[in-house]
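Here are the chains, one letter per residue:
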Amino acid sequence: MKLIGKLSVFPKLPHNISRLEELAYNLWWSWEPDAQALFEHISPALWEATNHNPVKFLRQVEQEHLDHVATDELFLRNYQRVMTSFDAYMGASDTWYKSQFPANTERTIAYFSAEFGLHEALPIYSGGLGILSGDHCKAASDLDLPFVGVGFLYPQGYFTQQIDPDGRQQAAYEKIDFAEVPAQPALDPSGKPILINVDLPGRTVYAKLWCIQVGRIPIYLMDTDVERNAPQDRELSARLYGGDREMRISQEVVLGIGGVRALRALNIAPKVWHMNEGHSAFLGLERIRELVQASHLSFDEAVEAVRSDTLFTTHTPVPAGNDAFAFELVEKFFWQFWGQLGIDRDRFINFAKQDLAWGTEYSMTVLALRLSAYHNGVSKLHGHVSRDMWQFLWPETPPIHVPIDHVTNGIHVKTWLAPELRELYTKALGPNWLNEVDSAETWNQIGQLPNAELWSVHQARKERMIHFARERVALQFIRHGEGPRRVASTADLLDPGALTLGFARRFATYKRATLLFRDEERLRALLNNPDCPVQIIFSGKAHPADEPGKGLIQHIYHLSQRPDFWGKILFVENYDMNIARHLISGVDVWLNNPRRPHEASGTSGQKAAASGVPNFSVLDGWWVEGYSGEGANANGWAIGEERPFKDEETQDEADAIDLYSKLEDEIIPLFYDRDGDGIPQRWVEKMKNSIRTCGPQFSMARMVKEYTHKFYVPAGESGQLYQDNHFEVSKEMARWKSTIRASWHAIHLESVHPESFQLEVGSSLELGVKVWSNSVPQEEIALEIVAGVQDESGSLLSAQVIPMTKAEEIGGGILYRGAFQPKRSGQMAIGIRAIPSHKALIHPHEIGLNQWA
């Protein structure tokens, strides 16, 4: 037979349910169970087979199924109810942002991220960073921020993980058919697809824009797989975090520079720019280029203008997690670019240079910090670690005053809470509780839930998770070519009545996935105790280039196949959002044991906590803030101590011993302590404590509101100030900073010591300092008393800062005085310093200059 072509035939939606397609292309459905239930009702098997992707589902569903539900009264009632809710959400006028900041509704916030984890139907995320970005966008939609996301649409996404018969991770890549995902081409006013271009070494690369609608907000993603590009450039956006260093810098050039050009092509003029991690830091260089070329600013003036409205969020305390490139590679990509900024090669390289123990390179984190006035880590502890880590950029400033703040991560509760739990919580918290999810008062009512009901729902979720895990392992065995008996044996994996630990996350070595196996004999006794059995379910991917991480997966898989651990240890391959949803609400305990303090935040444990699964975790990342301690209100357990160890081996040994002891002495006995009805009453109370304490504190609503108050609104205001009147303040600050840096060394301070540094709590210590400012005007200097407790290294753990006032002129200088009143007893360190002062400074320590008496 001779073919002339192929034809795709799609089913036609009946008129009375035609808005299902509109619904499919708005990710609002991803956090609304009733919307998902509409698609599932049409064909449950196909809904599962398409991985809950409504666009693909509507392309493949049988016409007769659509025709049937179009006459089903129950379906039509549910359809009308869902569409009414959708329309009310999209058209709401009384939203949080509009009511809180009515004058700011036109100040668009541009949020750049290398990955967005929105749903398993869009596999363009690798792990925590992407999931956080997706949740951030969803909460921004809920709160109605004027928000737009910018990133990459990876045609091959992140890899599909397959575990081979020897337990080795194999990475498979499958090209995404954009006609079958909730993404549509971004069009210009004439209806044509938008193309942007970026110059790379020796050629121009083009990128097509796609739009993903997430509730009320759009995310625009760039795709270089277009005909105008050379074959190697069509592969440029193919894979998330794939390729060599040249591929990586190429992607980040397109993300940052191309992202700015994409917004310009869309006629979007952001008033606030948010770099989520350093991958997009080149966006600042593109904005500087625009200002130098179009507004005729100098490089320094343009830097001030760009900094003024830009926020940078750092996500990793691990040096290897911060992108950096060899100077030669940077030169190859930017040798024609720095001239457009009005600077030379040395100035360009030095602007983002890091010269540290872990390497002398061009650092994307340094670039991001230089080009933003607002910076934050993603937990309280991570903020502290980041200030220490990047203090070299502010060398004369104590780490505690380094201008890196923190906003602790959260989760989009609507996305991650199982429908059964959402329904149960509504009984106790009221019908509108999800609109007040960041209120502690809302969650306090969780105590009204009958223990028996919460336990019953948890057990049902646990059985569903076990059934899901058995099916996944059975499919894996079939792929391995195993026989019927071996495949059938998966029906006995895991015991619904046994205490089940869950460990699911990226398999990086510092996360110590195998810490639990440090003493195999002790673990074997725990897992095989006939009266109080324990079992563990694992899932997670290692980066394809991370051989040690892949080795951890192989080790766990080998253990899971041993007769003494068979059915008690399980590894579920290809970790994604679907697996995560099953695990976080189905296990009994969420295990997390990173090597402290290498976990910036982590959010999987937050999802588990809100689902009533207590955390058993090292006091790192978010858990330092979330753990309520021991006693009646305890919401989980802590592993190890909050202190440094002499080496990693000692730390691992200490943490493993504590892990085993708490399992044996506290967790297992509590779980198996049942009443006459078989309900572990004290355990369920701990579940409730987990829900009540972690639910509001670690909600994405709280997080986005905090970003808005701390950063988005202030950045919009400072950006306006710096850019008004033809960038008058930007020009003034560039001139002033240059002058103050050149003359700061001329300042001389001499303290006037009191007779004694001993006093009682509540008493005051009078201090004075003589200042000779020489060429620096007096009004450009601020004098301060700094007092605090020091750690063993001499760094301040806390600090009181007391402004000093001008007292009199003396001997060609000026005497300043101030009074320090200690708030606590004990040894304290006291110092007096001068810092530059200007009314337009966004942060008092942004220049990093200090002169100490």
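Everything that follows concerns the structure shown earlier in this document.
Residues numbered from 1 in each chain as written. Predicted model: local features only at pLDDT ≥ 70, side-chain atom pairs only at ≥ 80, totals over all residues. Heavy atoms only, no water.

Time to look at the nonpolar core. Of all hydrophobic cores here, the largest spans 147 residues; its most connected members are Leu 20, Leu 23 and Phe 334. Ranked by the residues each element gives to this core, the list is headed by helix H29 (residues 700–743), at nine residues. Contact partners of Phe 334, with chain neighbours within four places excluded, come to Val 253, Ile 257, Phe 282, Leu 285 and Phe 348. (Core = buried A, V, L, I, M, F, W, Y, C linked by side-chain atoms within 4.5 Å. Buried < 20%, exposed > 50% of the residue type's maximum accessible area, 1.4 Å probe, protein only. Helix = DSSP H or I, 4+ residues; strand = E, 2+ residues; numbered from the N terminus. Contact = heavy atoms within 4.5 Å.)

A separate point is the pairing of strand S26 (residues 805–810). Taking burial as the measure, the six residues of S26 include zero buried ones, a minor fraction of the element. Pairing analysis gives five bridges linking S26 to strand S27 (residues 813–820), with the strands arranged antiparallel. The residue of S27 that forms the bridge with Ile 810 is Gly 813. Count of turn residues in the S26/S27 antiparallel hairpin: two residues, of which Gly 811 carries a positive phi of about 55 degrees. (Pairing = 2+ DSSP bridges.)

With that settled, the discussion passes to the pairing of strand S4 (residues 169–172). By the bridge criterion, four bridges tie strand S3 (residues 160–163) to S4 in an arrangement that is antiparallel. Note on S4: the bridge partner recorded for Gln 162 is Gln 170. The antiparallel pairing of S3 with S4 creates a hairpin that spans five residues between the two strands, and Gly 167 there sits at a positive phi of about 85 degrees.

Of the volumes computed, that of the second largest pocket is approximately 1,100 Å³. Lining the second largest pocket are 38 residues, and of these Glu 32, Tyr 89, Lys 414, Leu 434 and Asn 435 lie nearest its centre. Every element with two or more residues in the lining of the second largest pocket is listed here: helix H2 (33–42), helix H6 (73–91), helix H8 (128–143), helix H17 (413–416), helix H18 (419–429) and H29. Considering every element that reaches the lining of the second largest pocket, the biggest residue donor is H6, with five residues. Its residues assigned to classes, the lining of the second largest pocket comprises 19 nonpolar, seven polar and twelve charged. (1 Å grid on protein atoms, 1.4 Å probe; cavity = no way out; pocket = protein on both sides within 12 Å on 5 of 7 lines; lining within 4 Å. Points joined across faces, edges and corners; volume = space filled by probe spheres on them. Nonpolar A, V, L, I, M, F, W, Y, C, P; charged D, E, K, R; others polar.)

Turning next to the packing of aromatic side chains. Under the definition given, this model contains 42 aromatic pairs. The interplanar angle of 85 degrees and the centroid separation of 5.1 Å between the aromatic rings of Phe 671 and Trp 683 together place this pair among those described as edge-to-face. Here Phe 671, found in helix H27 (residues 648–671), pairs with Trp 683, found in helix H28 (residues 681–697); they are twelve residues apart in sequence, far enough to count as distant. Of the two residues, Phe 671 and Trp 683, neither departs from the other in class, the shared state being buried. Their ring planes at 55 degrees and their centres at 5.9 Å tell us that Tyr 707 and Phe 711 sit as a pair that is tilted. (Phe/Tyr/Trp six-rings, centres within 6.5 Å; stacked < 30°, edge-to-face > 60°.)

Another point: the sheet that holds strand S21 (residues 636–639). Consider a sheet: its strands pair through backbone hydrogen bonds, and that pairing is either parallel or antiparallel. Strand order in the open sheet made by the six strands is S18-S17-S16-S19-S20-S21, with parallel pairing throughout. Each edge of the open sheet carries a strand with a single partner, namely strand S18 (569–572) and S21. Ignoring strand direction, the axes of neighbouring strands in this sheet form an average angle of 20 degrees. (Axes fitted to C-alpha atoms, helices over the stretch in contact; angles between N-to-C directions.)

Let us look at the pattern of salt bridges. Tallying each qualifying case throughout the model produces 55 salt bridges. When the shortest N-O distance is used, the salt bridge between Glu 685 and Lys 688 registers 4.0 Å. Here Glu 685 pairs with Lys 688, and both are found in helix H28, just three residues apart, close to one helical turn. Relative accessible area serves as the criterion here: at 36%, Glu 685 is assigned to the partly exposed category. Taking the shortest distance from any N to any O, the salt bridge between Glu 732 and Arg 735 comes out at 3.0 Å. Pair noted here: Glu 732 and Arg 735 are both in helix H29, with a separation of three residues, about one helical turn. Residue classification places Glu 732 among the partly exposed residues on the basis of a relative accessible area of 30%. Owing to a relative accessible area of 44%, Arg 735 belongs among the partly exposed residues under this scheme. Residues joined in a network through salt bridges with shared partners are Arg 512, Arg 595, Glu 648, Asp 652 and Asp 655. (Salt bridge = Lys/Arg side-chain N within 4 Å of Asp/Glu carboxyl O.)

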